[in-house]
Amino acid sequence: MKSVRVFFVGGLISYRALFSWLNPWVYVPSFLVMPIFQILLFVYIGRSAKLQSDSFYVIGNALQFAAIPCLFAMANTIAGERNQQTLGYILITPARRLPLFLGRALPVATNGFFVALFALVAGSAIVGTHVAASGYAPIVLVIAVSAFACTGLGLINAAIGLVARETAVLSNILFGGLLVLSGANVPVHDLPIVLRQVSEGVPLTHGIAAARKLASGSSVGSVLGLLGAEALIGLAYAALGYALIRGTETLSRRRATLERA
Amino acid sequence: MRLSRSLAYARNVAVVEVEELARTYRTSTGILRRRTVEVEAVRGVSFEIAKGELFGLLGPNGAGKTTTIKMLITLLLPTAGTARVLGLDVARNAREVRKRIGYVFGGDRGLYERLSGLDNLRYFAELYGVEPRVQKLRIQELLQLVGLAGREREKVEGYSRGMRQRLHIARGLLHDPEVVFLDEPTIGVDPVGARELRATIAALTDAGKTVLLTTHYMFEADALCDRIAVIAQGRIVAQGTPQALKAGVGEGTVVEIEVYGIEDAVVERVRALDGVSNVGLEARDQKQVLVVQTLPGRELVHAILGHLHGSEVGRVSSREPTLEDAYVALVE
Amino acid sequence: MRVARVLAYGWFFRMKMLMRSSFNSWLGVLYPLFFATVAFFMFKAGADSKPLLYSSLGAAVMGVWSNTATPAGSALAQERWHGTLELEVAAPVNFALILLPLTIAMSTIGIYSMAATLLWGWAVFGIPLQITDPVAFVLAVPATVASIGALGFVLAVAFVRFRQAWALGNMLEYPVWLISGFLVPLSLFPGWVRPISWLLAPTWGIRAIRGAALAGPSYGDIGMALGVGAAYVVLGLLLVQRALHAARAKGTLSLT
């Protein structure tokens, strides 16, 4: 019962405490306006290069933008404890670590879901693309799973951030990596073979592919495999991220790696 | 009547003239339903500082010291009243004022951490328009003055608190200002470093500069300042030489009695004693100290001890009032 | 003379400072490369007739803006945070002369990113670096960098009141990439976008750079980039006095 409260209540409180982007002066430009311009940028590059349909870029970039809230927020809410010099106080509490750390992932994933959904709806309206009516509900599910998977990567990001401290730099680099690898703008089959293999293992790739199929009218059944793959990848990253955070904690007790602010 | 005479006096010698200076902050809270709150930080203060004088501004946190200084150094516009530095209005003639004043605040901030102390000084020398030919020599002199010579090529991020503070002082003196504003310059500096800083500050007035100093350390103000103004809740509550302020508490003595767990009722009975002007209870280590200020010529130790009958009593001492006693009496 | 000294030393001082922050400099070089990579893949696969160098040069200048937009937008917030803003404002020199070299130093750092992007395009995507008019190219690059720095200057002044200005600067990264025509010809945009593009100095900068590399002398565009950049400086000068007066009145120069 205590752990449930740590998970839900504690997670939300620390999310609000450590993720300063919830301020409207940051939230609106960073989460609502920026994804629209990212969509427009790539829609126009696509038109200029005479490549895919507009809808390809709207869906790809709307989902890929979930990486911004998921990566940055996850790193800030965990590794940010170090910058605020509150980490020591957290680590001496008896709270169970699984709800303590994963509780922070829930608001992160929820926000990532909302940001991507908003980008998809607003982006489609502005560019003038359409989603098959049958696809609405399942696409919402796909976005939720993708945001979850991205948050899994965010946990790894947070673990590294605990040690490396420069969380913004790392988050930006991971975001850039996903921009190239997730198939948001470059179809996965156009990537060199090595990158194509990496692409199969990163979050968002399968989610974006599934959303595109659903938007063009494919049935839910035909994307179940993609959806499952996205969820599995998310789980694997989340597990690895959590293990890394615990590992860092153990290591710090031995070597005082987290002590220096 | 008194005011007009002091103004006539000011026209001749006052370097800083402050008249009914006030500052109100408006802060808004809430996003959808905005509420505006007005905070009166400074509510009409007046004082003058003569040339070559070291003037202290004392007061509790939030009393309006820093707000007053910021108006005087042109960073903040007054909402009422006027202030002139060297005859120049701080609101209208900001640029001319800036050329002639130096500003130093205490604490870690205000330095370009990634660069060396020398780089920091050189940059501000440019911003203050110090002639290129003069710069080199001036910077060397100042490094000597503040005791940073030899360390100037190290990055500031590696400086100790005391070194940073000394660098701040050197920075504030680059353009040889006539008036120097020091806002809590010794805060957080170790005792030896603070003592050296005080010597540097004292040397400023010896060199003919006019200094306005704020500090929380009473012995520091007592030792350095020619005159002091005590500010509380945005108003000046007392002004004068440290001696005059101490005299204001009464020429009596201060009796300090160590006690262990004393009841409030007992304190009140002591307060009610004839000849007692003020009573305070301070915690020191495991014990408490009852501080009783008495009126001149009264011998009250026995009377006080009589009231303490039954409680455990430690050392008893009496002394002259300090500036701190005066300060506490004024701001409480 | 004094003005020139303050500007030159200020630029040198800020360059020194920016170059010492290694982690961020790496990001400044790396981050635009991801976008360049995506663009190269796209144009390589596409059916566009323009040479790849067209997009490579565009992606390179994207890096200059990328290195300017976010930090310039938040330049004043940063100075405020470090407690140096008050000291700079308290100095008798016009504050614009302190701020302009700072944002130009930011765009100058972007030259690293520019070079890295061109090299990346050449080494990984085999995009040759042919320059038709080297003299015009060598003039066009600093003109573009300076004009982007001037745009950053206007942003820094315009955002002086916003504590979260970094987010606003960040938000402007994509739109300027897009409507300055770094990767997409202006003719693709709706008509109403074009006048906005013309008001953006980077539009003229990339035209000048591309012109010098692909066609020949591009002095007209160099002049336009510098002209629009100069207009920004004048605008910033006018705004900065008003902004500082407002900050002094409201008491927002420091955090305390």
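Presented here is a report on the structure given in the accompanying data block. As a convention, each chain's residues are numbered from 1 in the sequence order in which they are written. Following the order in which they are written, the chains are lettered starting with A and the ligands numbered starting with 1. Local features in this predicted model are restricted to residues whose pLDDT is 70 or higher, and side-chain atom pairs enter the listing and the counts only when it is 80 or higher, whereas totals over whole chains, interfaces and linings include all residues. Values shown for side chains rest on all heavy atoms present in the structure; no hydrogens or waters enter the calculation.

1. Observations concerning the overall build of chain A
For clarity, the cut-off: Numbering of helices and strands runs from the N terminus, with a helix taken as a DSSP run of H or I at least four residues long and a strand as a DSSP run of E at least two residues long. To get the radius of gyration, use the C-alpha atoms; to get the globule rule, take the number of residues to the power 0.38 and multiply by 2.2 Å. For every residue, the accessible area (1.4 Å probe, protein chains only) is compared with the maximum for its type, and the residue is labelled buried under 20%, exposed over 50%, or partly exposed between those bounds. Between two residues, a contact is recorded if the distance between any of their heavy atoms is within 4.5 Å. Per-residue accessibility takes into account occlusion by the displayed protein chains alone, with areas from the Shrake-Rupley method and a 1.4 Å probe. Within this scheme the basic residues Lys and Arg register as positive and the acidic residues Asp and Glu register as negative, but His and the chain ends are omitted. To locate a charge, the coordinates of NZ of Lys, CZ of Arg, CG of Asp or CD of Glu are taken.
Summing up its helical and strand segments, chain A has twelve helices and zero strands in all. For chain A, the N- to C-terminal ordering of α and β elements is α-α-α-α-α-α-α-α-α-α-α-α. Over its C-alpha trace chain A gives a radius of gyration of 19 Å, about what one expects of a compact globule, namely 18 Å for 261 residues. Each principal axis of the C-alpha distribution contributes one length, and for chain A these read about 55 × 40 × 35 Å. A total of 261 residues make up chain A; the buried ones form 56% of that total. Contacts in chain A between residues at least 24 apart in sequence constitute 79% of all its contacts with a sequence separation of at least 6. Entry remark: accessible area of chain A is about 10700 Å², with carbon and sulfur atoms responsible for 68%. On chain A, the mean spot of the 18 positive side-chain charges and the mean spot of the 8 negative ones are 8 Å from each other.

2. Brief notes about the sheet that holds strand E13 (residues 287–294) of chain B
Residues and elements named next belong to chain B. Counted only if it meets this: Strands are treated as partners if at least two bridges between them are detected by DSSP. Every axis corresponds to a line fitted to the C-alpha atoms, with the helix fit spanning only the stretch in contact, and the corresponding angles, defined between N-to-C directions, vary from 0 to 180 degrees.
Taking strand neighbours across the sheet as the criterion, the four strands line up as E12-E13-E11-E14 in an open arrangement whose pairing is antiparallel. At either end of the open sheet lies a strand with only one pairing partner, and these are strand E12 (276–284) and strand E14 (313–319). Each adjacent strand pair in this sheet contributes to an overall mean axis angle of 15°, direction not counted. Here eight bridges tie E12 to E13, and the two strands are oriented antiparallel to one another. Counted as the bridge partner of asparagine 278 is glutamine 293 from E13. Relative to the sheet, helix H10 (residues 264–271) contacts E12 and E13, its axis offset from that of E12 by approximately 150°.

3. Notes on the interface of chain A and chain C
Put simply, the rule reads: Note on terms: buried area is the combined drop in 1.4 Å-probe accessible area of two parts once they are placed together, counting the loss on both. Should a side-chain nitrogen of Lys or Arg be within 4 Å of a carboxyl oxygen of Asp or Glu, the pair is scored as a salt bridge.
Listed by partner, the interface residues are 37 residues for chain A and 34 residues for chain C. Surface buried jointly by chain A and chain C totals about 3300 Å² across both partners, of which 83% is contributed by carbon and sulfur atoms. The largest per-residue losses of area from chain A upon contact with chain C belong to Met34, Leu41 and Tyr44 of chain A, which jointly make up 18% of the total buried on that side. Along the contact surface separating chain A from chain C lie zero salt bridges. The set of elements that each furnish at least two residues to the side of chain A that touches chain C consists of helix H2 (24–48) and helix H9 (167–181) of chain A. For the side of chain A that touches chain C, the leading source of residues is H2 of chain A, giving 16 residues.

4. Some points on the packing of helix H8 (residues 136–164) of chain A against helix H11 (residues 205–215) of chain A
Residue and element names in this part refer to chain A. We count it as follows: Each angle is binned into one of four classes, with values under 35 degrees roughly parallel, values over 145 roughly antiparallel, values of 65 to 115 roughly perpendicular, and all other values oblique. For this classification, the nonpolar set comprises Ala, Val, Leu, Ile, Met, Phe, Trp, Tyr, Cys and Pro, the charged set comprises Asp, Glu, Lys and Arg, and every other residue, Gly included, is treated as polar.
Where H8 contacts H11, the two axes come as close as 9 Å, and the packing angle between them is 175°. In terms of orientation, H8 and H11 fall into the roughly antiparallel class. When H8 is examined against H11, the residues Pro138, Ile139, Val142 and Ser146 are found in contact with a partner set consisting of Gly207, Ala210, Ala211, Leu214 and Ala215. Its residues assigned to classes, the contact of H8 with H11 shows seven nonpolar, two polar and no charged.

5. Points about the sheet that holds strand E7 (residues 179–183) of chain B
Think of a sheet as strands paired side by side through backbone hydrogen bonds, with each pair either parallel or antiparallel. Residue and element names in this part refer to chain B. Strand order in the open sheet formed by six strands is E6-E7-E8-E3-E9-E10, with mixed pairing between adjacent strands. Edge positions in the sheet fall to strand E6 (101–105) and strand E10 (235–240), since each has one partner strand and no second. When the angles between neighbouring strand axes are averaged without regard to direction, this sheet yields 15°. Here E6 runs beside E7; their pairing, made up of five bridges, is parallel. Each bridged residue has a counterpart across the sheet, and for phenylalanine 105 the counterpart in E7 is aspartate 183. Here helix H2 (residues 65–72) sits on the sheet in contact with strand E3 (54–58), E6, E7, strand E8 (210–214) and strand E9 (227–232), set at roughly 155° to E7. Its contacts with the sheet put helix H12 (residues 323–331) on E3, E9 and E10, and the angle it makes with E9 is roughly 35°.

6. Considering the packing of helix H3 (residues 54–64) of chain A against helix H7 (residues 105–127) of chain A
All names here are of chain A. Note the following rule: Each crossing gets its hand from how the near helix is turned against the far one by less than a right angle, where anticlockwise is left-handed and clockwise is right-handed.
Between H3 and H7, the shortest axis-to-axis distance is 8 Å and the interhelical angle comes to 155°. Classified by the interaxial angle, the pair formed by H3 and H7 is roughly antiparallel. The element H3 and its partner H7 pack so that their crossing is right-handed. Two secondary-structure elements touch here, H3 through Asp54, Val58, Ile59, Ala62 and Leu63 and H7 through Ala116, Ala119, Leu120, Gly123, Ser124 and Val127. Taken together, the residues of the contact of H3 with H7 sort by class into eight nonpolar, two polar and one charged.

7. Regarding unusual backbone geometry
Residues and elements named next belong to chain B. The backbone phi angle of threonine 74 is positive, close to 75°, even though this residue is not glycine. Take threonine 74: it is sitting in the loop between H2 and strand E4 (80–85). The backbone of glutamine 233 sits at a positive phi, close to 50°, despite the residue not being glycine. Here glutamine 233 is to be found in the loop between E9 and E10. The class of glutamine 233 is exposed, set by a relative accessible area of 66%.

8. Quick word on the nonpolar core
How we decide: Within this scheme, the nonpolar core is defined by two criteria: the residues are buried Ala, Val, Leu, Ile, Met, Phe, Trp, Tyr or Cys, and they are joined through side-chain atoms within 4.5 Å.
Ranked by size, the top nonpolar core spans 146 residues in total, and within it Phe42 of chain A together with Phe35 and Trp65 of chain C carry the most contacts. Among the elements that make up this core, the one with the highest residue count is H2 of chain A (13 residues). When sequence neighbours within four positions are dropped, the list of residues in contact with phenylalanine 42 of chain A reads Tyr57, Asn61, Leu179 and Asn185 of chain A together with Phe35, Val38 and Met42 of chain C. Listed in part, the 108 residues of the second largest apolar core include Val42, Leu75 and Met163 of chain B together with Val157 of chain C.

9. Quick word on the packing of aromatic side chains
Put simply, the rule is: Aromatic rings from Phe, Tyr and Trp, with only the six-membered ring used for Trp, were paired whenever their centres fell within 6.5 Å, and each pair was classed as stacked if the ring planes differed by under 30 degrees, edge-to-face if by over 60, and tilted otherwise.
One pass over the full model with this rule turns up 22 aromatic pairs over all chains. A ring pair is formed by phenylalanine 42 of chain A and phenylalanine 35 of chain C, whose centres lie 6.4 Å apart and whose planes are at 15°; its orientation type is stacked. Taken together, the residues phenylalanine 42 of chain A in helix H2 and phenylalanine 35 of chain C in helix H2 (residues 22–45) connect one chain to another. Phenylalanine 35 of chain C carries the same exposure label as phenylalanine 42 of chain A, and that label is buried. Ring geometry for tyrosine 123 of chain B versus phenylalanine 124 of chain B: centroids 5.8 Å apart, planes at 70°, classification edge-to-face. Residue classification places tyrosine 123 of chain B among the buried residues on the basis of a relative accessible area of 2%. Given the relative accessible area of 0%, phenylalanine 124 of chain B is considered buried.

10. Some thoughts on empty space enclosed by the protein
All names here are of chain C. Keep this limit in mind: Think of a 1 Å grid over the protein atoms and nothing else: a 1.4 Å probe that fits but is trapped marks a cavity, an open set flanked by protein within 12 Å on at least five of seven lines marks a pocket, and residues with an atom within 4 Å of a point count as lining. Grid points are joined across faces, edges and corners, and a volume is the space filled by probe spheres set on the points.
Going through the model one piece at a time under the given rule, you end up with one cavity of 30 Å³ or more. What the largest cavity holds in volume is close to 50 Å³. Arg80, Val160, Arg161, Ala243, Ala246, Ala247, Lys250 and Thr252 are the residues that line the largest cavity. Take the lining of the largest cavity: its biggest share by element is four residues, from helix H12 (residues 219–250). When grouped by side-chain class, the residues that make up the lining of the largest cavity number four nonpolar, one polar and three charged.

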